[in-house]
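If you want the building blocks of each chain, they are given just below.
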Amino acid sequence: MRTVVIQSFRTHDVPPWVEKCRRSVVQWAQLQGYEYLFYDDRFFDCLPDWYRARTGGQIHLMADLARLERAAELLAADYERVIWVDIDVYIGAPERLAVADSESFAFCREVWISESEGALHRYHRVNNAIAVFCRDNPFLDFYRYSCKQMVRHDETLRHVTIGTSWLTHLHERVRFPLLNHVALLSPWVLQDLSRGEGKFLELYRQEFAAPVYAVNLCLTFRNKNLTGRTVTDGDFERAILHFARLGAE
């Protein structure tokens, strides 16, 4: 099955740890025998003007649809499968992370751990950090249409509206295929991992309960203050160092 892995990011002011993530994806693609295609900011040229205006340029809402539009383009051309990977995904065990040929589309299982007012919260959700689409799959066209309709009519758009929120809602009813070995680290979990231990990391391990072959590091929260904690580039670098050891085990 001719497969291409696609990613996008700006080409200036790129944090070194983000480039490490990108290189890990390139290595994985090569190991799996996949082609690799990188887009700069021209990635968003496929979006209609009205959509850009409605989103106010919000990067998540733009990227969530652009990955679908680019996937559709590539599937209509020479490729039988397109795999989108977020630029902040680090693949620590490239020989173990596999995408089943039997599934015509797939997204990622997510466990989100957070804290507010001293209480720990856990949520099981679905995200599109890695999104897989085969030619003639039954989901992509519907997903593209529904995303546009939500952005056109929803007056309370959030950065997760057409990604995590919509996919989680759909999965609760449809139960579509998920990749089970791609962890998403919230800022609370990431900082515990950076320190080597903590209540958030312990809870995450219990809730995720599966081997981790790749990790979504959540660039969104870089240098942002959340309930008194700020995730720094040092935290991301230490997390990559931890997961890089997976490939050496």
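Here we take up the overall build of the protein. In terms of helices and strands, the protein carries 8 helices and 11 strands. For 249 residues, the compact-globule formula gives about 18 Å, and the C-alpha radius of gyration of the protein, at 18 Å, lands near that figure. Dimensions of the protein, computed from C-alpha atoms along their principal axes, come out at roughly 45 × 45 × 40 Å. When burial is assessed residue by residue, the protein has 53% of its 249 residues classed as buried. In the protein, once contacts between residues fewer than 6 apart in sequence are set aside, the share between residues at least 24 apart is 76%. Of the roughly 11,600 Å² of accessible surface on the protein, 49% is carried by carbon and sulfur atoms. For the protein, the distance from the average site of its 30 positive side-chain charges to the average site of its 33 negative ones is 2 Å.

What follows concerns the packing of aromatic side chains. Within this structure, the stated rule accounts for 20 aromatic pairs. An angle of 80° between the planes, with centres 5.6 Å apart, marks the rings of Trp28 and Tyr34 as edge-to-face. The residues Trp28 and Tyr34 share a single accessibility class, namely buried. Following the ring pairs from residue to residue traces out a cluster consisting of Phe105, Phe107, Phe133, Phe139, Phe142, Tyr143, Trp166 and Phe176. Across from the ring centre of Tyr79, 4.4 Å away, lies the NZ or CZ of Arg2, which sits over that ring. The lysine or arginine in question, Arg22, covers the ring of Phe38, its NZ or CZ lying 5.8 Å from the ring centre.

A word on the nonpolar core. In terms of nonpolar packing, the biggest core is built from 37 residues, with Leu47, Phe107, Phe133, Phe139, Tyr143 and Phe176 touching the most fellow members. Taken together, the elements giving at least two residues each to this core come down to β1 (3-8), α3 (59-76), β3 (81-85), β5 (105-116), β6 (119-134), α4 (140-153) and α5 (161-174). A total of 10 residues in this core trace back to one element, the largest contributor, which is α3. In this view, Phe139 contacts Phe105, Phe107, Leu167, Leu170 and Phe176; residues no more than four positions away in its chain are not counted.

One can describe the packing of helix α1 (residues 16-32) onto helix α8 (residues 233-244) by two numbers: an axis separation of 9 Å at closest approach and a directional angle of 30°. For the element pair α1 / α8, the angle class is roughly parallel. For the pair α1 and α8, the sense of crossing is left-handed. Each of Pro16, Trp17, Lys20 and Cys21 in α1 lies in contact with α8, whose residues at this interface are Asp233, Phe236, Glu237 and Ile240.

A word on the pairing of strand β2 (residues 35-39). Note: β1 against β2, 5 bridges, orientation parallel. Bridging across to β2, Val5 finds its partner in Tyr36. Once you follow β1 into α1 and on to β2, the crossover reads as right-handed.

So, about α4. In this model, α4 (14 residues) spans 20 Å end to end at C-alpha, consistent with the 20 Å of a helix rising 1.5 Å per residue. Within α4, the full set of buried residues consists of Leu140, Tyr143, Ser146, Cys147, Met150 and Val151. Projected down its long axis, α4 carries its buried residues within an arc of 130°, all on one side. Those residues of α4 that are exposed and aimed more than 90 degrees away from the buried face are Asp141, Tyr145 and His153. Looking at the buried side of α4, the elements it contacts are α2 (49-55), α3, β5, β6 and α5.

Calculation criteria
- Residues numbered from 1 in each chain as written.
- Predicted model: local features only at pLDDT ≥ 70, side-chain atom pairs only at ≥ 80, totals over all residues.
- Heavy atoms only, no water.
- Helix = DSSP H or I, 4+ residues; strand = E, 2+ residues; numbered from the N terminus.
- Rg over C-alpha atoms; globule rule 2.2 N^0.38 Å.
- Buried < 20%, exposed > 50% of the residue type's maximum accessible area, 1.4 Å probe, protein only.
- Contact = heavy atoms within 4.5 Å.
- Areas by Shrake-Rupley, 256 points an atom, 1.4 Å probe, with all protein chains shown as cover.
- Lys, Arg positive; Asp, Glu negative; His and termini not counted.
- Charge placed at Lys NZ, Arg CZ, Asp CG, Glu CD.
- Phe/Tyr/Trp six-rings, centres within 6.5 Å; stacked < 30°, edge-to-face > 60°.
- Lys NZ or Arg CZ within 6 Å of the ring centre and 35° of its normal.
- Core = buried A, V, L, I, M, F, W, Y, C linked by side-chain atoms within 4.5 Å.
- Axes fitted to C-alpha atoms, helices over the stretch in contact; angles between N-to-C directions.
- Parallel < 35°, antiparallel > 145°, perpendicular 65-115°, else oblique.
- Left-handed = near helix turned anticlockwise from the far one by under 90°.
- Pairing = 2+ DSSP bridges.
- Right-handed = clockwise from strand over helix to strand, strands pointing away.
- Expected span 1.5 Å × (residues − 1).
- Arc of directions from axis to C-beta.

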